[in-house]
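An overview of the molecular structure
What follows is the residue order along each chain.
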Amino acid sequence: MRQIQPLELSAWLARASPLLLDVREDWEVSLCALPGSLHVPMRQLPARLAELDASHPIVCICHHGGRSLQVALYLEHRGFEAVFNLEGGIDAWARQVDPALPTY
């Protein structure tokens, strides 16, 4: 599992399509989300693991990066090959990449 900074992810998204896995709760996603993200709340992930491609790059996203780090480690231990954690979460994304994105 690797950490990725918001600006690094922004550059990556300009040239490739990793899966953006948003593990926040429904109410959080209703406030703000990255376009194209797959929303799977952290507690639902074990039951929905089959929805993910273990060979496709996955960037895990939460509010500040703590829950997504746990999810990234979980995926890595289950054989997922290219897993990243968005360091600082969607909050850091809003502050560094997209200031128009609401923060909470």
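Our subject in this report is the structure included herewith. Quick caveat, the model's predicted, so the values are computed rather than measured.

**Regarding the nonpolar core**
- Counting 15 residues, the largest nonpolar core has Ile-4, Leu-9, Leu-34, Val-59, Ile-61, Leu-86 and Leu-101 as the members making the most contacts within it.
- Contributions of two or more residues to this core are made by helix H1 (6-13), strand S4 (58-61), strand S5 (83-86) and helix H5 (89-96).
- With three residues, H5 is the single largest residue contributor to this core.
- Those residues in contact with Leu-9 that sit more than four places away from it in its chain are Ile-4, Pro-18, Leu-20, Val-59, Leu-86 and Trp-93.
- Val-40, Leu-45, Ala-72 and Leu-75 belong to the second-largest nonpolar core, a separate cluster that totals 14 residues.

**Considerations on the side chain of Asn-85**
- Here Asn-85 lies in strand S5.
- Separated by 2.4 Å, the side chains of Asn-85 and Ser-68 make a polar contact.
- Excluding residues within four positions of it along the chain, Asn-85 makes contact with Met-1, Arg-2, Gln-3, Ile-4, Cys-60, Gly-65, Ser-68, Leu-69 and Ala-72.

Cut-offs used in this document
- Every chain is numbered independently, its residues counted from 1 as its sequence is written.
- Thresholds applied to this predicted model are a pLDDT of at least 70 for local features of residues and 80 or more for the giving and counting of side-chain atom pairs; totals over whole chains, interfaces and linings are not thresholded and use all residues.
- The basis for the side-chain values is all heavy atoms of the structure; hydrogens and waters are excluded.
- Throughout this description, the term nonpolar core refers to a set of buried Ala, Val, Leu, Ile, Met, Phe, Trp, Tyr and Cys residues connected via side-chain atoms within 4.5 Å.
- Three exposure classes are used, based on accessible area relative to the maximum for each residue type with a 1.4 Å probe and protein chains only: buried under 20%, partly exposed in between, and exposed over 50%.
- Going along the chain from the N terminus, every DSSP run of H or I of four or more residues is numbered as a helix, and every run of E of two or more is numbered as a strand.
- Any two residues whose heavy atoms approach within 4.5 Å at even a single point are treated as in contact.
- Any pair of nitrogen or oxygen atoms within 3.5 Å is treated as a polar contact; in protein, a donor-acceptor pairing is required on top of that, and neighbouring residues in sequence qualify only through side-chain atoms on both sides.

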